[in-house]
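Fold and contact review
The chain contents come next:
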Amino acid sequence: MSIVSRDWLNTLPKVELHLHLEGSLEPELMFELAKRNHIELPFETVEQLRCAYEFNNLQDFLDIYYQGANVLQVEQDFYDLVWAYLIKCQQQNVVHVEPFFDPQTHTDRGVSFETVISGISRALKDGEAQLGISSKLIMCFLRHLSEEEAFVTLKQAEPYLDQIIAVGLDSSEQGHPPEKFSQVFARARELGLLTVAHAGEEGPAEYVRTAIDDLQVARVDHGVRSIEDPELMEHLVESKIPLTVCPLSNTKLRVFDEMSQHNILDMLEQGVCVTVNSDDPAYFGGYMTENFVALAQGLEMSKEQAKQLVLNSIDASFANDARKQAMRALLG
Ligand code: ADE
Ligand code: ZN
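Cut-offs applied
Residues numbered from 1 in each chain as written. Chains lettered and ligands numbered in written order. Predicted model: local features only at pLDDT ≥ 70, side-chain atom pairs only at ≥ 80, totals over all residues. Heavy atoms only, no water. Helix = DSSP H or I, 4+ residues; strand = E, 2+ residues; numbered from the N terminus. Rg over C-alpha atoms; globule rule 2.2 N^0.38 Å. Buried < 20%, exposed > 50% of the residue type's maximum accessible area, 1.4 Å probe, protein only. Contact = heavy atoms within 4.5 Å. Areas by Shrake-Rupley, 256 points an atom, 1.4 Å probe, with all protein chains shown as cover. Lys, Arg positive; Asp, Glu negative; His and termini not counted. Charge placed at Lys NZ, Arg CZ, Asp CG, Glu CD. Pairing = 2+ DSSP bridges. Axes fitted to C-alpha atoms, helices over the stretch in contact; angles between N-to-C directions. Donors = N, O, S within 2.8 Å, 3.2 Å for Na, K, Ca; no water. Tetrahedral: all angles 85-135°; square planar, octahedral: opposite > 155°, others 65-115°. Right-handed = clockwise from strand over helix to strand, strands pointing away. Near = heavy atom within 4 Å. Polar contact = N/O pair within 3.5 Å; in protein donor to acceptor, adjacent residues only side chain to side chain. 1 Å grid on protein atoms, 1.4 Å probe; cavity = no way out; pocket = protein on both sides within 12 Å on 5 of 7 lines; lining within 4 Å. Sits in = over half its atoms within 2 Å of the grid points. Nonpolar A, V, L, I, M, F, W, Y, C, P; charged D, E, K, R; others polar. Arc of directions from axis to C-beta. Core = buried A, V, L, I, M, F, W, Y, C linked by side-chain atoms within 4.5 Å.

1. Examining the overall build of the protein chain
Looking only at helices and strands, the protein chain features 17 helices and 10 strands. Relative to a compact globule of 332 residues, whose C-alpha radius of gyration would be 20 Å, the protein chain shows 19 Å and is just as compact. Projected onto its principal axes, the C-alpha positions of the protein chain cover 55 × 45 × 40 Å. Relative to its full complement of 332 residues, the protein chain shows a buried share of 59%. Considering only contacts within the protein chain whose residues lie at least 6 apart along the sequence, 76% involve residues at least 24 apart. Looking at the protein chain as shown, the accessible area adds up to about 13,300 Å², and 47% of this sits on carbon and sulfur atoms. Computed over 26 positive and 52 negative side-chain charges, the inter-centroid distance for the protein chain is 6 Å.

Put into structure tokens, the structure is as follows:
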């Protein structure tokens, strides 16, 4: 069977539903912002920094990811971060994005919520007007912190709810089950927000269940360990609850040792609404196109499967029906 080409995959219209804006901070921009803000980095060069991107698990990565985010200080820094990501999207024909941001990573070191969301929203607005990339923004709570702290963040977000479509849950999964955040997610739903949560990345299939039952999520982020629970798999197929899967992230963080072992296409064939996403592309070796290429090379993904994965992302997105129809039309 011939391997689907990079060119074809790059041209394929795509939709990204699982992307941490802080995880799109490329080393070059990190150095530029460090210089602009007079911050000392513990690395001398971009090459040295890139060499540090070897991870054995999620926590290894998170330690370096939170350190990198320290260079983001003022509104323009957040704008530049998001704009650089959107330019990448344009180059790879990503037509709609639903990125995450982690306000607590910034507010905990004295950067105001307003600074963060203003820079992000301004760039997303320009991305729609100038690049034709539509977007919906998702605010994540850090699950290694308390529910009380998540409530403080939700309160800070209240004046900006017109700029936020949903709340999510990220950071260290093991030992921080979804139900730890049941009450703050209930309050977010009362405020009219949708909900998503990382679950079943490193944590067990049980966390996927409680994300669905207790947090009432519209999508599960990662969810690859759902395959260990046949009843849960049946529920995912029947309910059509989508999984936002991140292939390169999973091999970089050793969820799977090799791409050839990844279960995304097995789940697709079993009827689960799985989608392809890049998670933290600056750290994991690639954006959307590279993730699709990795599936073509590691799992012999066909063109039909690639198109179905994009159709799943359109169905799973929080875009309105007219925008969804327009995106389906792009696929031909
Ligand atoms: N924050 C950024 N990337 C993450 C991931 N893959 N899992 C959990 N938290 C994250
Ligand atoms: Zn993630």
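Moving on from the model shown.
2. What to know about the sheet that holds strand β2 (residues 94-97)
The three strands lie next to each other as β1-β2-β4, forming an open sheet whose pairing is parallel. At either margin of the open sheet sits one strand with a lone partner, and together these are β1 (14-16) and β4 (134-135). Note: β2 against β4, two bridges, orientation parallel. In the strand pairing of β4, V97 is matched with S135. Sitting on the sheet, helix α15 (residues 288-299) is in contact with β1 and β2, with an inclination near 110 degrees to β1.

3. Observations regarding the sheet that holds strand β9 (residues 243-245)
Pairing is parallel across the open sheet formed by seven strands, whose spatial order is β3-β5-β6-β7-β8-β9-β10. Here the strands that pair on one side only, and so sit at the sheet edges, are β3 (100-101) and β10 (274-276). Alignment of strand β5 (residues 138-142) against strand β6 (residues 166-170), held across five bridges, turns out to be parallel. Paired with F141 across the bridge in β6 is L169.

4. Re the coordination of the zinc ion (ligand 2)
Bound to the zinc ion (ligand 2) are the protein donor atoms H18 (NE2), H20 (NE2), H198 (NE2) and D279 (OD), situated 2.1 to 2.3 Å from the metal. Considering all four donor atoms around the zinc ion (ligand 2), angles at the metal cover 83 to 176 degrees and the coordination shape is irregular. Mapping the donors of the zinc ion (ligand 2) onto the primary sequence gives the spacing H-x1-H-x177-H-x80-D. Pair noted here: H20 is in the loop between β1 and α2 (27-36) and D279 is in the loop between β10 and α14 (281-284), with a separation of 259 residues, a long-range link. In this structure D279 comes out as buried when scored by relative accessible area, which is 2%.

5. Thoughts on the pairing of strand β8 (residues 219-222)
In this sheet, β8 lies alongside strand β7 (residues 194-199) in parallel orientation, the contact comprising four bridges. For A199, the partnering residue across the bridge sits in β8 and is H222. Crossover β7 to β8 through helix α10 (residues 205-215) is right-handed. Alignment of β8 against β9, held across two bridges, turns out to be parallel. Within β9, the residue paired with V220 across the bridge is L243. Considered for its hand, the β-α-β crossover made up of β8, helix α11 (residues 230-239) and β9 is right-handed.

6. Details of the site of ligand 1
Taken together, H20, L58, F61, L62, Y65, D170, S171, H198, E201, H222, D279 and D280 form the complete shell of residues around ligand 1. A distance of 3.3 Å is found between a nitrogen atom of ligand 1 and a side-chain nitrogen or oxygen belonging to H20. Burial of ligand 1 by the surrounding chains reaches 100%, relative to a free accessible area of 260 Å². Judged by its atoms lying within 2 Å of the grid points, ligand 1 is housed in the largest cavity. With four residues, the top contributor of residues to the shell around ligand 1 is helix α4 (residues 58-68). A class-by-class count of the residues in the shell around ligand 1 yields four nonpolar, four polar and four charged.

7. As for the side chain of S317
With respect to the secondary-structure elements, S317 resides in the loop between α16 (303-316) and α17 (321-331). The exposure class of S317 is buried, given its relative accessible area of 4%. A polar side-chain atom of S317 sits 3.3 Å from the main-chain amide nitrogen of A319.

8. What about helix α9 (residues 182-190)?
Residues of α9 that are buried: V184, F185 and A188. End-on, the buried residues of α9 take up no more than an arc of 100 degrees, which puts them together on one face. Exposed residues pointing more than 90 degrees away from the buried face of α9 are listed as Q183 and E190. Where α9 is buried, its residues meet β5, α8 (147-157), β6, β7 and α10. Once α9 finishes, G192 follows within two positions and takes phi at roughly 95 degrees, a positive value.

9. Things to note about the nonpolar core
F101, Y283 and L309 are the most contacted members of the largest nonpolar core, which totals 112 residues. The element that contributes the greatest number of residues to this core is helix α5 (residues 75-91), accounting for eight residues. In this structure, Y283 is in contact with E22, G23, L25, M30, Y53, F55, F61, I64, Y65, G68 and K252, ignoring residues within four places of it in sequence. Counting residues in each nonpolar core, the second largest holds six residues, with F100, I138, C140 and A166 among its members.

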